[in-house]
Amino acid sequence: MLWVNRITGAGLILLAIPFWRMAGDYPDMAGLFPRTMLIVICALAAAMIVRSFIPALAPANEGEGLFTRAAFARPLAVFAVLLVLIAASNLIGFFAAMIVLSAAMVPILGVTKWRPYALGCLILMVFVYVLFVIFLNVPLTTLRPGS
């Protein structure tokens, strides 16, 4: 997945730029968490790019199979689904969008073991709920006023 990793990593870093700017508009310290997560995402994306250039760490057959359009289409499909559901979260709410996202990722990721995948998604949503809704008092379960 050398080229897929490079393109995906570069895409993640480029997408972080507008999100960084958007987080600057949040009141008080509310932008600190998203900016911290963007730093983590960019660091991991940069590591993925760098790793793809080190032959000992990134053999050419690292799971991508053949160099085909299908191998390139998977990360693009993930990006497309994420962008659609980010936009939809304003209409249907964050947690409903995450449930739809979890289901939409099943065929894209080729999930065969449903229980661990569903459990992981559930744990992630509970973690986000506890962190944001309970501790930080961010109303992710409601729609934005005026929408």
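Residues numbered from 1 in each chain as written. Predicted model: local features only at pLDDT ≥ 70, side-chain atom pairs only at ≥ 80, totals over all residues. Heavy atoms only, no water.

Colleague: Tell me about the overall build of the protein, residues and numbers included.
Modeller: Scanning the protein from terminus to terminus reveals five helices and zero strands. Sequence-ordered secondary structure for the protein, helices as α and strands as β, is α-α-α-α-α. Per-residue burial for the protein yields a buried fraction of 27% across its 147 residues. Restricting to contacts in the protein with at least 6 residues of sequence separation, those with at least 24 account for 62%. Within the structure as shown, the protein displays about 10300 Å² of accessible surface, and the carbon and sulfur contribution to it stands at 76%. (Helix = DSSP H or I, 4+ residues; strand = E, 2+ residues; numbered from the N terminus. Buried < 20%, exposed > 50% of the residue type's maximum accessible area, 1.4 Å probe, protein only. Contact = heavy atoms within 4.5 Å. Areas by Shrake-Rupley, 256 points an atom, 1.4 Å probe, with all protein chains shown as cover.)

Colleague: If you had to explain the packing of aromatic side chains to someone new, which residues and values would you point to?
Modeller: Two numbers describe a pair of aromatic rings. These are the distance of the centres and the angle of the planes. The final tally for this structure, using the stated rule, is three aromatic pairs. Centroid distance F94 to F95: 5.0 Å. Interplanar angle 85°. Geometry classified as edge-to-face. In textbook terms, an aromatic cluster arises when at least three aromatic residues are bridged by ring pairs, as seen for F94, F95 and Y129. Across from the ring centre of F53, 3.9 Å away, lies the NZ or CZ of R6, which sits over that ring. (Phe/Tyr/Trp six-rings, centres within 6.5 Å; stacked < 30°, edge-to-face > 60°. Lys NZ or Arg CZ within 6 Å of the ring centre and 35° of its normal.)

Colleague: Please give an account of the confidence of the model for the protein that cites residues and values.
Modeller: Per-chain confidence: the protein averages 83 in pLDDT, with 88% of residues scoring 70 or above. The secondary structure element of the protein with the lowest average pLDDT is helix 3 (residues 69-92), at 84, and the one with the highest is helix 2 (residues 32-52), at 91. (pLDDT = per-residue confidence, 0-100.)

Colleague: Please set out the packing of helix 4 (residues 94-109) against helix 5 (residues 114-135) residue by residue, giving values where relevant.
Modeller: The contact between helix 4 and helix 5 brings their axes to 11 Å, and the two run at 155°. When the axes of helix 4 and helix 5 are compared, the pair comes out roughly antiparallel. The crossing of helix 4 and helix 5 is right-handed. Of the residues in helix 5, those in contact with F94, F95, M98, I99, L101, S102, M105, V106 and L109 of helix 4 are W114, Y117, C121, M125, V128, Y129 and V133. In terms of residue class, the contact of helix 4 with helix 5 is made up of 15 nonpolar, one polar and no charged. (Axes fitted to C-alpha atoms, helices over the stretch in contact; angles between N-to-C directions. Parallel < 35°, antiparallel > 145°, perpendicular 65-115°, else oblique. Left-handed = near helix turned anticlockwise from the far one by under 90°. Nonpolar A, V, L, I, M, F, W, Y, C, P; charged D, E, K, R; others polar.)

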